[in-house]
Amino acid sequence: MLAENERCSLSEEGWLSFRQTEITARISRVDFQYADGSDSGSGEIPADSATLDSGVESVRWKGSSGAVSVDLHWFFHKVQSHTEIQVELTSHAPGTLRFKTLRLHFEVVLPEREVALQNTYWYRNGWQSWSHAGVIPGKDATYERPRFPLVYKMKEDIAVEDAKSPTVSDMVGAIGFGNNAMCAGASKQRFFQRVIMVPTASGADLTLEFDLDATPVFPGDSRNIGGWQLQGGRTATHLVDAWGQRVGRKRPVQRPVVGWCSWYERKTHISQQFIQSTLDIIQSRPELKDLWLLQIDDGYQRHVGDWLTPHRRFKGTLEEIGGRIDAAGMTPGLWVSPFIAQSRSALFKKHRNWFLTVNGKPLHGGWNPHWKDSFYPLDLTHPEVLDWLFKMFSTLRGWGFRFFKLDYLYPAAWAGDRAHADTGRFEAFQHAVETIRRAVGEDSFLLGCGAPLAPSNGLFDGMRISCDTEYQWKNSRILQWVTRETETIGLFPAARNTLTRNPFARHFWMVDPDCLLIRRRSRKLTDSEVDLYSRLCMVSGEMQLIGDDLTRWSEEDYERFVQLQVFSGGDFIALDSADQPLPRWFRARNTQGPLVGA
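Draft legend 1. Structural detail: the overall build of the protein chain. Helices and strands together make up the secondary structure of the protein chain, namely 12 helices and 34 strands. The C-alpha radius of gyration computed for the protein chain amounts to 25 Å, which stays within 12% of the reference 25 Å derived for 598 residues, consistent with globular compactness. Its C-alpha atoms give the protein chain principal-axis dimensions of roughly 75 × 55 × 45 Å. The buried share among the 598 residues of the protein chain stands at 62%. Once local pairs closer than 6 in sequence are excluded, the contacts in the protein chain between residues at least 24 apart make up 70%. When the accessible area of the protein chain is evaluated, it comes to approximately 23300 Å², of which 50% is carbon and sulfur surface.

Okay, structure coming up:
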C-alpha cells in the first residue's frame, strides 16, 4: 500500500479501498477548462500519465497537460476514518490563465452482485435553501428538473443549467449500493463544488467538480483550490453526517429561537397596527410566555431594495415599532432581502451600476407574484454596495432590531459580470454576509433563507433548509404535472427537506424548518398532517416560530400549542435521511430524556 489509515487505503495502482464497504474507486483522469486572454483552452491528464509518490501519511498524484500542472495531495491521517484530497493548480504559461472548471473523474467499482441498477440510490443536496435534497432511487436514475426555466433558476445554480448527468449534487453527495455506501464532500471550500454521479455497467462514474469562476493563476504561480473528503461505510446517512461534523463551522449555540413571524395568512398586507395587536396578544396570554422574538416579515417596506422607507400601508416607521417591541421585553426581528432590488425601487433606478450584469445589461433575477415586479441581484464586489449594506444594517441595528431573516440571497451568487472580476461569486457572497455581520454585531441573529448553502457555512446562526410551508400538504397533482416541479411549497416537502438535510446542516447552523401553522384554516390539510409537521418542528428543537395570525386563534389553538410543548426537543438526528427517499426514523432529546420518532 502507498498509504492507509484504519478505514481506507490507496494501492500502488491507485485504487482507493474502504474497510467497511466493498466499493473501490480510482481516478481515471483529470480535466480542466481555462481562458487565456480572449481564447479558451482545455486540458486532460489521464491517470496513466500521472505519477504517484508516497510520503508520510500522504501521497501526491502529479500530472501536467500543456502549460498547466495539477497536484493532488492525498492525506491518510491515522486517527481519521476518511481520506482527503487537496488540489493545487500551477501555471507555466507566459500570461495569466483564468480557470473555469477542474474535474476529478473517478471510476467506482462495485461487487458484482450489487451492480443491478435497482439496488443503487443517490443522495443529492440542492444548491440553496429551497432546492430539492433527498435520495433518488437508482431505478429512477434521474432528478426531474422543473419544466419552466424561471422556476429552475430560483432553485438551482444556473451555472449547471445544461448539465446532462442524472444527478448533480452541491457540496456533498453519496452513492449507495445495497449494504455499501460511499460519500464525497467538499473540504476547505473556496469555490462552489459539486458531485456528479452517472451509473455504469460496473458501478458509477463519479465526477468531483470545482467551479473556479474564472479565477486567475499568474505565470509561475500555484493556487490551492480546495479539496474533497472521501469515506466508505454501510450507510450513506452516517457518512454524510460524519462529513458535516468534520467540515461544519457552527457558530456558538444560542438559546432556541421561539417566536412569531408575520408572513403567513397576511403575506405582504401587514401594518404597524397588526404588529402591535400581535404584540399585545403575546404579552397577555400565559400560553405564549416563552416567545421572545417578534419578526416583521415582507410588506413593511415601500419596495424591495428601499428598506428604510416604509410602505404607506404600514402606517408607521420601523424605528417606532422596533422600539415598542423592545420596550415590551421582546427581540425585534426583521425580514430583509439585501442582495436584490425590485425594478420599481429607488435603489434600482438610481444605482444601475450597482447590479450584476451580463453583456452590459442588468442580470434578471426573477419575478415575484407578491411584488408583481421583477427583481435584480446586486454586484457584491462593488465597494459602494458594501458601504450601502453596512450603513443600512447599522441603521436597523440602531433602531433596536437584533434578529434578521436574510432572504432571496441566491441570485447575488450567480455567475455574471462584476466590478472586480478577480473576486469569484463564492468569495463575494461570503464577504457581503461578513459585512452585514460587522454592521449588526455578534450578538445579533442572522437567519439565512434562499441562500446558497456552501458559502454560508459558519456565517449564519440559522438556516432555512427547505422551501416554504403553507396551509397545504402538497401542490395538486395537476399543478405538479404541468410544472414538473416537486419542490413546491407545502408541509410535505418542507418536512422531507428538514429530515434529509439534517445530517450535515446541524453541524453548520441552527436548523429552521419554517413556521408552525397550528390553526385549522384550510380544508386542504387533515388534522394528522398538521400535527405531524407541528411535532417535527418542535422535536427539531432549535427554531420554533408561529406563523398563524394570533388575532384569529381560538382557545382550542392555544390548548393545542401547549400540548405541543411536550415534544420540544433538541440534538435532533435523522437516522435514515440519506438512505431512504422518504426518511422514517429520527431521534432527539429533551429535558425528560431521549425521544425516538417514526
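Draft legend 2. Expanded view of the packing of helix α9 (residues 491-500) against helix α11 (residues 527-540). Put simply, α9 and α11 touch, their axes get as near as 11 Å, and they point 30° apart. Between α9 and α11, the angle falls in the class roughly parallel. For the pair α9 and α11, the sense of crossing is left-handed. Judged by residue contacts, L491, A494, A495 and L499 of α9 engage E529, V530, Y533 and L536 from α11. Classifying every residue of the contact of α9 with α11 gives seven nonpolar, no polar and one charged.

Draft legend 3. Focus on the sheet that holds strand β34 (residues 593-597). Spatial ordering of the open sheet is given by β32-β33-β34, a layout of three strands whose pairing is antiparallel. The sheet terminates laterally at β32 (570-574) and β34, the two strands that pair on one side only. Averaged over all pairs of adjacent strands, the angle between their axes in this sheet comes to 15°, without regard to strand direction. Relative to β34, strand β33 (residues 586-590) runs antiparallel, the two being bridged by five bridges. The partner of R587 across the bridge, within β34, is V596. Running over the sheet, α11 touches β32 and β33 and is turned about 120° from β32.

Draft legend 4. Representation of the pattern of salt bridges within the structure. Counted under the stated rule, the structure contains 39 salt bridges. One salt bridge connects E44 with R29, and the closest N-O pair in it is separated by 3.7 Å. Of this pair, E44 sits in strand β5 (residues 39-46) while R29 sits in strand β4 (residues 24-36), placing them 15 residues apart in sequence. According to the relative accessible area criterion, E44 is partly exposed, its value standing at 45%. One salt bridge connects E470 with K267, and the closest N-O pair in it is separated by 3.4 Å. Highlighted residues: E470 in the loop between β29 (462-464) and α8 (477-483) and K267 in the loop between β19 (257-261) and α3 (272-284), separated in sequence by 203 residues. Classification of K267 by relative accessible area gives buried; the value is 17%.

Draft legend 5. Main features of the nonpolar core. Membership of the largest hydrophobic core comes to 183 residues, with the highest contact counts inside it found for W74, L102, I296 and F393. Among the elements that make up this core, the one with the highest residue count is helix α7 (residues 425-440) (eight residues). Discounting residues that sit within four places of it in the chain, I296 has contacts with S262, I270, I275, F314, I321, I325, G333, L334, W335 and F401.

Draft legend 6. Up close: the side chain of S187. Residue position: S187 is located in strand β15 (residues 180-187). On the accessibility criterion, S187 (2% relative accessible area) is buried. In this structure the side chain of S187 is engaged in a polar contact, spanning 3.5 Å, whose partner is the side chain of Q229.

Draft legend 7. Spatial organisation of unusual backbone geometry. A positive phi angle, close to 55°, is found at D213, a residue other than glycine. Within the secondary structure, D213 sits in strand β17 (residues 203-217). According to the relative accessible area criterion, D213 is buried, its value standing at 14%.

Draft legend 8. Quick peek at the side chain of D211. Tracing the backbone through its elements, the reader meets D211 in strand β17. Note on D211: relative accessible area 10%, which makes it buried. Only 2.7 Å separates the side chain of D211 from the side chain of R425, close enough to count as a polar contact. Once you skip the residues sitting within four places of it in the chain, D211 turns out to touch K100, D157, A159, F191, F192, R194 and R425.

Draft legend 9. Spotlight on the pairing of β19. Counting buried positions over the five residues of β19 gives five, a clear majority of the element. Of the two faces of β19, the one lined by V257, G259 and C261 and the one lined by V258 and W260 are each fully buried. Of the strand pairs in this sheet, β19 and strand β31 (residues 543-546) are connected by four bridges, and their pairing is parallel. Residue G259 lies in a different strand from β31, and its bridge partner there is L545.

Conventions used here
In this numbering scheme, every chain counts its residues from 1 along its sequence in written order. Given that this is a predicted model, residues contribute local features only at a pLDDT of at least 70 and side-chain atom pairs are listed and counted only at 80 or more, while totals for whole chains, interfaces and linings are drawn from all residues. Excluding hydrogens and water, the side-chain figures rest on all heavy atoms present in the structure. Strands here are runs of E lasting at least two residues and helices are runs of H or I lasting at least four, both read from the DSSP assignment and numbered beginning at the N terminus. In this setup the radius of gyration rests on C-alpha atoms only. A globule is expected at 2.2 Å times the number of residues raised to 0.38. In this scheme, a residue with accessible area under 20% of its type's maximum is buried, one over 50% is exposed, and one in between is partly exposed, where area comes from a 1.4 Å probe on protein chains only. Here, two residues are considered to be in contact whenever any of their heavy atoms come within 4.5 Å of each other. Areas reported here follow the Shrake-Rupley algorithm with a probe of radius 1.4 Å; residue values treat only the protein chains shown as occluding. Throughout, an axis means a line fitted to C-alpha atoms (over the contacting stretch in the case of helices), and angles, computed between N-to-C directions, take values from 0 to 180 degrees. Orientation categories follow fixed angle ranges, with anything under 35 degrees roughly parallel, anything over 145 roughly antiparallel, 65 to 115 roughly perpendicular, and all other angles oblique. For a crossing to be left-handed, the near helix must be turned anticlockwise from the far one by less than a right angle; the clockwise case is right-handed. Polarity classes work like this: nonpolar for Ala, Val, Leu, Ile, Met, Phe, Trp, Tyr, Cys and Pro, charged for Asp, Glu, Lys and Arg, and polar for all others, with Gly in that last group. Pairing between strands is defined by DSSP: at least two bridges between them are needed. Here a salt bridge means any side-chain nitrogen of Lys or Arg lying within 4 Å of a carboxyl oxygen belonging to Asp or Glu. Residues belong to one nonpolar core when they are buried, are Ala, Val, Leu, Ile, Met, Phe, Trp, Tyr or Cys, and are joined through side-chain atoms within 4.5 Å. Polar contacts, as counted here, are pairs of nitrogen or oxygen atoms within 3.5 Å of one another; within protein the pair requires one atom able to donate a hydrogen and one able to accept it, and residues that are adjacent in sequence qualify only if both atoms are side-chain atoms.

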